[in-house]
Amino acid sequence: MRAVLNLFKVRIGVAIALAAAAGLAVEPGTRLGFVEKSILVLCVLMASAAAGAFNQYVERDLDVKMARTNKRPFVTGALKHGPFWLWVIGAMVAFSCTAVLLSTNFVAALYVFLGAFTYGVVYTVWLKRRTWWNIVVGGLAGSFAVLAGAAAVSPAPGPEAMALALVLFLWTPPHFWSLAIACRADYAAAGVPMLPVVVGDARAARAIHLSAWLLVAASLLPALFSMGIPYLASAAAGGAFFLVRCRSLVQQPSRETARAAFLASLVQLAAVLFGAIADVALRA
């Protein structure tokens, strides 16, 4: 069971599903029933899990070279690396998209597919081994989750959902670059051109700090529309905490400060997404 949970990157999937739930919450329009909402969120989780498994399937040759990933199930042999898993992954994506199509609409199903495709193919297969832009473009995967939730309510997402999609896009680079500084030796050994490997820890830390400022500014945009004080307070608090950690990373680029910034990015994202959901619930 631990091997399967590891393969499907369930913790990442939960964060992506929460992004879809936030998109559902903030989009005005026809309210969905509990069943339709549950199907949408669970299908986003399933599609994300499938993309995570595909990532590990493709990257077994890289994972064996990295201390952070060399205990993954395809590397250790806990799960047999073979075509069976490609069928499982394909079936999960197909089921997720079909279920969303039948329970909501085509646009929401398309966004579910695009989220999985972006992470599984665009990021993992096309970009990760070629350019440090890999994670910048890969940030669209989280944006598509927000848009899937919003499109389930209205095929044309409103400004609140678009702003949250922008937040997910801008969140991904500082989040993963912080991890990449902490694990730079691993990425260098595997030949993966993550930003710290290409430009060094100090310049990468400055890029993280700058991108964090852009992220926090974007996270306040929903307050210009219908989001209220609960959202603004939560987003501002989470953003301030992340900026403090990023400032420490710039002052002293190290494994410890990078990991602290990485964890702070999770706090910031949770503050934005839970703040959005709570704000809508309180107003309702």
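Residues numbered from 1 in each chain as written. Predicted model: local features only at pLDDT ≥ 70, side-chain atom pairs only at ≥ 80, totals over all residues. Heavy atoms only, no water.

1. What about a nonpolar patch on the surface?
Nonpolar side chains collect at one region of the surface, where L101, L102, F106, L110 and F113 lie side by side and expose about 510 Å² of accessible area between them. Elements with a minimum of two residues in the nonpolar patch: helix 6 (83–103) and helix 7 (106–127). The element that contributes the greatest number of residues to the nonpolar patch is helix 7, accounting for 3 residues. For F106, the position within the fold is in helix 7. The exposure class of F106 is exposed, given its relative accessible area of 55%. (Patch = residues over 30% accessible without salt bridge, like charges linked within 9 Å, V, L, I, M, F, W, Y side chains within 5 Å. Areas by Shrake-Rupley, 256 points an atom, 1.4 Å probe, with all protein chains shown as cover. Salt bridge = Lys/Arg side-chain N within 4 Å of Asp/Glu carboxyl O. Helix = DSSP H or I, 4+ residues; strand = E, 2+ residues; numbered from the N terminus. Buried < 20%, exposed > 50% of the residue type's maximum accessible area, 1.4 Å probe, protein only.)

2. Re the packing of helix 3 (residues 34–58) against helix 6
When two helices pack together, their arrangement is given by the angle between the helix axes and the distance between those axes. One way to put it is that helix 3 packs onto helix 6 with a least axis distance of 9 Å and a crossing angle of 155 degrees. Our classification of the angle between helix 3 and helix 6 gives roughly antiparallel. The hand of the helix 3/helix 6 crossing is left-handed. Contacts from E36, I39, L40, C43, M46, A47, A49, A50, A53, F54 and Y57 in helix 3 reach P83, W85, L86, I89, M92, V93, F95, S96, A99, V100 and S103 in helix 6. Among the residues forming the contact of helix 3 with helix 6, the class breakdown is 19 nonpolar, 2 polar and 1 charged. (Axes fitted to C-alpha atoms, helices over the stretch in contact; angles between N-to-C directions. Parallel < 35°, antiparallel > 145°, perpendicular 65-115°, else oblique. Left-handed = near helix turned anticlockwise from the far one by under 90°. Contact = heavy atoms within 4.5 Å. Nonpolar A, V, L, I, M, F, W, Y, C, P; charged D, E, K, R; others polar.)

3. Observations regarding the pattern of salt bridges
The tally for this structure, following the rule as stated, stands at 5 salt bridges. Residue E59 is joined to K128 by a salt bridge in which the shortest nitrogen-to-oxygen separation is 3.0 Å. One end of the pair, E59, is in the loop between helix 3 and helix 4 (60–63); the other, K128, is in the loop between helix 7 and helix 8 (134–138), with 69 residues separating them in the sequence. K128 gets classed as buried once you look at its relative accessible area, which sits at 7%. The partner of R129 in a salt bridge is D61, with the nearest N and O atoms 2.9 Å apart. With a gap of 68 residues between them, R129 in the loop between helix 7 and helix 8 and D61 in helix 4 connect regions that are remote in the sequence. We classify R129 as partly exposed; its relative accessible area is 35%. Taking the relative accessible area as the measure of exposure, D61 reaches 37% and is therefore partly exposed.

4. Digging into the confidence of the model for the protein
Per-residue confidence for the protein gives a mean pLDDT of 95; residues scoring 70 or more make up 100%. At the level of individual helices and strands, the protein shows its lowest average pLDDT in helix 1 (residues 2–7), which scores 90, and its highest in helix 13 (residues 201–219), which scores 98. (pLDDT = per-residue confidence, 0-100.)

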